[in-house]
Number of protein chains: 2
Amino acid sequence: MMDCPLLLRSFLTRTARFFPKKEIVSIYPDEVFRYTYGDYYKRVCQFAHALESLGVKRGDRVASIALNTHRHLELYFGVPCMGAVLHTANFRLPQHHLAYILNHAEDKVVFVDEDLLLFLEGLKDQLTTVKHFVVLSQTGKMPETSLSPVYLYDDLIAKFPQEYDFPDDLDEKSPALMCYTSATTGDPKGVVYTHRSIYLHSFAGAATFGVYEQDCMLHIVPMFHANAWGMPFLAVGMGIKQILPGRETLNMEKICRAIAEEKVTATCGVPTIWLMLYNYLEKGGWHDFSTLRVIASGGSACPRYLMEGLNEKYNFPIRQAYGATETSPLASAALEKSYMKDWPMDKIYDARASAGILAIGLDIRIVNDKGEDVKMDGKEWGEIWLRGPWIASEYYKDPERSKASFEGGWLHMGDVATIDEEGYIRLVDRTKDLVKSGGEWISSVDLENIIMSHPKVMEAAVIGIPDPKWQEVPMACVVTSTGQELTEEELNDFLKDKVKASYWIPKKYCFLKELPKTSVGKFDKRGLREQFAQGTIA
Amino acid sequence: MMDCPLLLRSFLTRTARFFPKKEIVSIYPDEVFRYTYGDYYKRVCQFAHALESLGVKRGDRVASIALNTHRHLELYFGVPCMGAVLHTANFRLPQHHLAYILNHAEDKVVFVDEDLLLFLEGLKDQLTTVKHFVVLSQTGKMPETSLSPVYLYDDLIAKFPQEYDFPDDLDEKSPALMCYTSATTGDPKGVVYTHRSIYLHSFAGAATFGVYEQDCMLHIVPMFHANAWGMPFLAVGMGIKQILPGRETLNMEKICRAIAEEKVTATCGVPTIWLMLYNYLEKGGWHDFSTLRVIASGGSACPRYLMEGLNEKYNFPIRQAYGATETSPLASAALEKSYMKDWPMDKIYDARASAGILAIGLDIRIVNDKGEDVKMDGKEWGEIWLRGPWIASEYYKDPERSKASFEGGWLHMGDVATIDEEGYIRLVDRTKDLVKSGGEWISSVDLENIIMSHPKVMEAAVIGIPDPKWQEVPMACVVTSTGQELTEEELNDFLKDKVKASYWIPKKYCFLKELPKTSVGKFDKRGLREQFAQGTIA
């Protein structure tokens, strides 16, 4: 067989040649911009020349601080296909972390959305390696900015030829993209994706959901969040029509209109989005989901009531997927198997609401305290370990923390899970969030879900706090629904028959106006633990 | 990213662990045998031990002479996953060629279906490397045979453990399977597939047709014919239910019953099969195709009337695919693009009846006499050249003929084609079958199609014969429909307004009872040319 490297170039050039009329739709507040893969390719070529003109060479890192737009999609292929590495920076990180990652990646150029200039201007003086700034703008005009030297993307690329000879001699294991993941402690950790890993991940994603050229994809997941879960790569590769909602990502009216008008068949998102959608629909929001077939949810657990409500009332069938920045991110997906079609709906929701079945191409172990694989009984707990061609093997320039997470050639996910006889993985907790009380484990996530099933509770986070007798006891931080009053006694009463054992009942409650969240919208338990260790309550 | 090799082991073990209840159905004349991937895996493990016990080591070749059965599917994974190479031998080859390929591959063991013993017994004394014969039988009894030493497969594997530690340290470029393709002249030529090439080809096949776990596949294409077009690999990889029709492959009643009862969604076959199916249906044969979604046709051109008839009357929507043993085989597939859905049906059939659009992951050139790429205008002719990770780079132990076919790092397909502005490839002819008359090219295939559109003509083959004035002129070998009489004058009259130019009209006709066919059912033009060079007429 021919020794052809697996390069993103192959995805790009085939689609440009054979699907030049297929569309890319980029939604802006005042405009729906549409162009074709033919146009897209010409601009990607111009952009590759522009990168060269800025002195970007093979292996160099350049950063994007950008929303889901057609220009960002140009960066997605232009940078890696010319041999450089696109660092998609999460602008929602705290400013000092954003500066840290741009410096740690040694980014030479930063491409920044006009709308996101503020995130960059505040830290520009801390940047040690950036030589150029380029503004992505739909207005055609350079905005006022303190960045320097700074160019307007469209002007920068305009003067270059619409053909580029993308190299086909790159090693398939060359870096193509990189992302940083916020760490529990310390600075964010970098993950470098290769051409090979993205290529294979694209195929595995398509194979998991049965996605192909006939589909139409809407990218709700931010393009800095684990590469929008890899969907833009497989979409370009297969010539799939793509919808990029940019600043309108959280505008449920526009999202619903895009789904209906563009005939979207596949989308991905985090539960926060699905909750916004549900609220919009419950208020009678206009929608037509008749073309939708694939809806993947990830990032954090999607509450079951939300999955059921969206499906039963609105024919919006969510399936969960599981992964992390370190896993490209697809590690598992919660589709019901073909023979489950006739199962009762509640059993089907059990499957869909799990973390799913291991993705094709990967290997998994779920390992208990003693280093043994847990039984596939849906009960035994263990930590998820993963291995495979799109699983990271290290953190970028961070041998110390790499050692801890990648011991023995497996990625240790830090997630505690069960696996049932059908192979469905169910997350129990983060290893570090488990509460160990009197020698017995308590799942903070299970306990939170029970507490959140109380009609007056909107959100709850459970952490372990020190206890002289039991070493650790559970404490619940609770946010009540608007206008609702709730007491510890009411909650204890409610929990009595629902928890697995009496020691699961929180020894302490704390009622908050809102729970602190991380930059990707998860409960910030580390913050809570720090607060309560210091004795301060927000 | 982790340096994990792309091995078939990963497809096998994931499905065994997480889809153990999904079914494999193997149809025998007196029995429909079904078992699960759980059972399958246990037998594949036993079989791997058995191979070891026969002295089979990494890299050794073993042959199968077998129909599409569950035992053959066990060989498909058992052999490569333990590190050896499965040579799927085409028993329809002439006996001396069959002996040649078993010797040329240096097969150590031959696995042979009880029903196919005759093919092997006649040539067993010519075999130079085979140490053992193993009979695949559903009866549980050793048939009478002159082969020696010979074992019954089920007995051979029965004594071994149902667990096997399949190696994960194979190089992904290790050989996994091999096939021989009958050459125009000389001995058959061997193509070796690697773990990597099969792994990638599986994903590309799935991505092309949107096939995934929810599908159910019926394997009509013989498992010795370019690995049943790779479908068994992707089916095992994705935990897809598979139907193997064995000796009943040509029994249209049983095929139709299997499609309906097993709820088949995807199948592949050659036009000969579709013609048999059409005849069966036209006679009122029972069928229910309501679950069928993907039907790929390849091997030779599927006549348009057949595609239209099957779709219009029976809701059986065939799409053509194009490839060869050297291309694993998927090179292109003729699906209409998403935006063509509303096109008039005749334009859609134009797309479906083409050789299709280049498969994801490959690269193509269509090169004219001057070595230039032809225009994408649907008119210019050129030879198809292919490149990609599942395209062969050589013929096995045959540097001489490898040089001719793989010059410059591209596979030269020997097919002449056009490519239109949408990227659809249309085969014009085989390079060697083109007729060059007075300096002008004539496509034998186009001319055959025009002749075959005559209501009294069943089959026609066009070859070039020597001519003192025009160097070469077209000659047509014609088979009339049963009971029909036809004259040269009638045909000349019919062709007059239909051919592209008057020099296309055959200078000579020959009416035959049937056309000679090759072992894979194509018109044997080489045979015809030899006959007419020698002046003999069948």
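Reading guide: rules and limits
Residues numbered from 1 in each chain as written. Chains lettered and ligands numbered in written order. Predicted model: local features only at pLDDT ≥ 70, side-chain atom pairs only at ≥ 80, totals over all residues. Heavy atoms only, no water. Helix = DSSP H or I, 4+ residues; strand = E, 2+ residues; numbered from the N terminus. Rg over C-alpha atoms; globule rule 2.2 N^0.38 Å. Areas by Shrake-Rupley, 256 points an atom, 1.4 Å probe, with all protein chains shown as cover. Buried < 20%, exposed > 50% of the residue type's maximum accessible area, 1.4 Å probe, protein only. Contact = heavy atoms within 4.5 Å. Domains from an automatic or database assignment. Buried area = accessible area lost by both parts, 1.4 Å probe. Salt bridge = Lys/Arg side-chain N within 4 Å of Asp/Glu carboxyl O. Polar contact = N/O pair within 3.5 Å; in protein donor to acceptor, adjacent residues only side chain to side chain. Nonpolar A, V, L, I, M, F, W, Y, C, P; charged D, E, K, R; others polar. Least-squares fit on C-alpha atoms with pLDDT ≥ 70 in both. Core = buried A, V, L, I, M, F, W, Y, C linked by side-chain atoms within 4.5 Å. Phe/Tyr/Trp six-rings, centres within 6.5 Å; stacked < 30°, edge-to-face > 60°. Lys NZ or Arg CZ within 6 Å of the ring centre and 35° of its normal.

### Let's talk about the overall build of chain A
Looking only at helices and strands, one finds 16 helices and 25 strands in chain A. The C-alpha atoms of chain A give 24 Å as radius of gyration, which agrees with the globular expectation for 538 residues (24 Å, within 12%). Taken along its principal axes, the extent of the C-alpha atoms in chain A is 70 × 55 × 50 Å. With an accessible surface of roughly 20,700 Å², chain A has 50% of that area assigned to carbon and sulfur atoms.

### Some words on the side chain of A:His219
Residue and element names in this part refer to chain A. Tracing the backbone through its elements, the reader meets His 219 in strand β10 (residues 216–219). Given a relative accessible area of 3%, His 219 falls into the buried group. The residues touching His 219, leaving out its near neighbours within four places in the chain, are Asn 68, Met 231, Pro 232, Ala 235, Gln 242, Ile 243, Leu 244 and Pro 245.

### With respect to the domain arrangement of chain A
Residue and element names in this part refer to chain A. Each assigned domain of chain A is listed here: domain 1 (1–24 + 35–210 + 231–238) and domain 2 (432–534). Computed from C-alpha coordinates alone, the two centres of domain 1 and domain 2 are separated by 41 Å. Contact with domain 1, which involves seven residues of that partner, is made by four residues of domain 2. Contact between domain 1 and domain 2 buries roughly 460 Å² in total, counting both sides, with carbon and sulfur atoms accounting for 47%. Our count for the domain 1 to domain 2 interface comes out at zero salt bridges. Between domain 1 and domain 2 we count zero residue pairs in polar contact (both at pLDDT 80 or more) in total. Looking at the side of domain 1 that touches domain 2 residue by residue, the classes come out as two nonpolar, four polar and one charged.

### Notes on the relation of the copies chain A and chain B
Rotating chain A by 180 degrees and moving it 0.0 Å along the rotation axis overlays it on chain B with an RMSD of 0.0 Å. Those values place the two copies in the arrangement expected of a two-fold rotation axis. Minimal C-alpha distance to the rotation axis in chain A is attained by A:Gly210, lying at 2.3 Å. Most of the interface of chain A is mirrored in chain B, where 100% of its interface residues again form contacts.

### Brief notes about the interface of chain A and chain B
Each partner contributes residues to the interface: chain A has 68 residues there, and chain B has 68 residues. The junction of chain A with chain B conceals about 5,400 Å² of combined surface from both sides, 59% of it contributed by carbon and sulfur atoms. Summed over the three residues of chain A that lose the most area to chain B, namely A:Met1, A:Met2 and A:Phe18, the buried surface amounts to 17% of that side. The interface formed by chain A and chain B contains 12 salt bridges. Where A:Arg196 meets B:Glu172, a salt bridge forms, and the shortest distance between an N and an O atom there is 2.8 Å. Mapped by element, the contributors of at least two residues to the side of chain A that touches chain B are α1 (8–18), β9 (189–194), α7 (195–209), α8 (231–238), β16 (357–358), β17 (363–367), β18 (382–387) and β19 (411–419) of chain A.

### So, the nonpolar core
Formed by 273 residues in total, the largest nonpolar core has its most connected members in A:Trp274 and B:Trp274. Residues in contact with B:Trp274, not counting those within four places in the same chain, are B:Ile220, B:Thr267, B:Cys268, B:Gly269, B:Ile295, B:Ala296, B:Ser297, B:Cys302, B:Leu306, B:Leu310, B:Phe316 and B:Ile318.

### Focus on the pattern of salt bridges
A full pass over the atoms with the stated rule returns 86 salt bridges over all chains. A salt bridge links A:Glu421 to B:Lys21; the shortest N-O distance between them is 3.8 Å. Here B:Lys21 lies in the loop between α1 (8–18) and β1 (23–28) and A:Glu421 lies in the loop between β19 and β20 (425–430), a pairing that spans two chains. According to the relative accessible area criterion, B:Lys21 is partly exposed, its value standing at 41%. The partner of B:Arg34 in a salt bridge is B:Glu23, and the shortest N-O contact between them spans 3.2 Å. Taken as a pair, B:Arg34 in strand β2 (residues 31–36) and B:Glu23 in strand β1 lie far apart in primary sequence, 11 residues in all. By relative accessible area, B:Glu23 is classed as partly exposed at 26%. A cluster of three or more residues bridged by salt bridges with shared partners is formed by A:Arg17, A:Asp168, B:Asp363 and B:Arg387.

### Considering helix α8 (residues 231–238) of chain B
Across the eight residues of α8(B), eight count as buried, placing the element largely inside the fold. Count one or two residues on from α8(B) and you reach B:Gly239, which has phi positive near 70 degrees.

### Overview of the environment of A:Ser332
Residue and element names in this part refer to chain A. Checked against the element boundaries, Ser 332 lands in strand β15 (residues 330–333). Spatially, the C-alpha atoms of Ser 332 and Ala 355 are 6.5 Å apart, while their sequence positions differ by 23 residues. Of note is the side chain of Ser 332, whose polar atom sits 2.6 Å from the backbone oxygen of Ala 355.

### A short note on the side chain of A:Asp433
Residue and element names in this part refer to chain A. Structurally, Asp 433 can be placed in the loop between β20 and β21 (435–437). Note on Asp 433: relative accessible area 7%, which makes it buried. A distance of 3.0 Å separates a polar atom in the side chain of Asp 433 from a polar atom in the side chain of Arg 529. Leaving out residues up to four positions away in the same chain, Asp 433 has contacts with Ser 444, Lys 525 and Arg 529.

### Focus on the packing of aromatic side chains
Centre distance and the angle of the planes are the two values used to describe a pair of aromatic rings. Taken as a whole and judged by the stated rule, the model has 43 aromatic pairs over all chains. Note on B:Phe11 and B:Phe203: the rings are 6.0 Å apart at their centroids and 85 degrees apart in plane angle, and the pair reads as edge-to-face. Within this pair, whereas B:Phe11 is found in helix α1, its partner B:Phe203 is found in helix α7 (residues 195–209), the two being separated by 192 residues in sequence. Per residue, the accessibility class of B:Phe11 equals that of B:Phe203, and both read buried. Taken together, a centroid distance of 6.4 Å and an interplanar angle of 70 degrees make the contact between B:Tyr278 and B:Tyr305 edge-to-face. One end of the pair, B:Tyr278, is in helix α10 (residues 271–282); the other, B:Tyr305, is in helix α11 (residues 304–314), and 27 residues separate them in sequence. A:Lys347 extends its terminal NZ or CZ atom over the ring of A:Trp343, reaching a point 4.2 Å from the ring centre.

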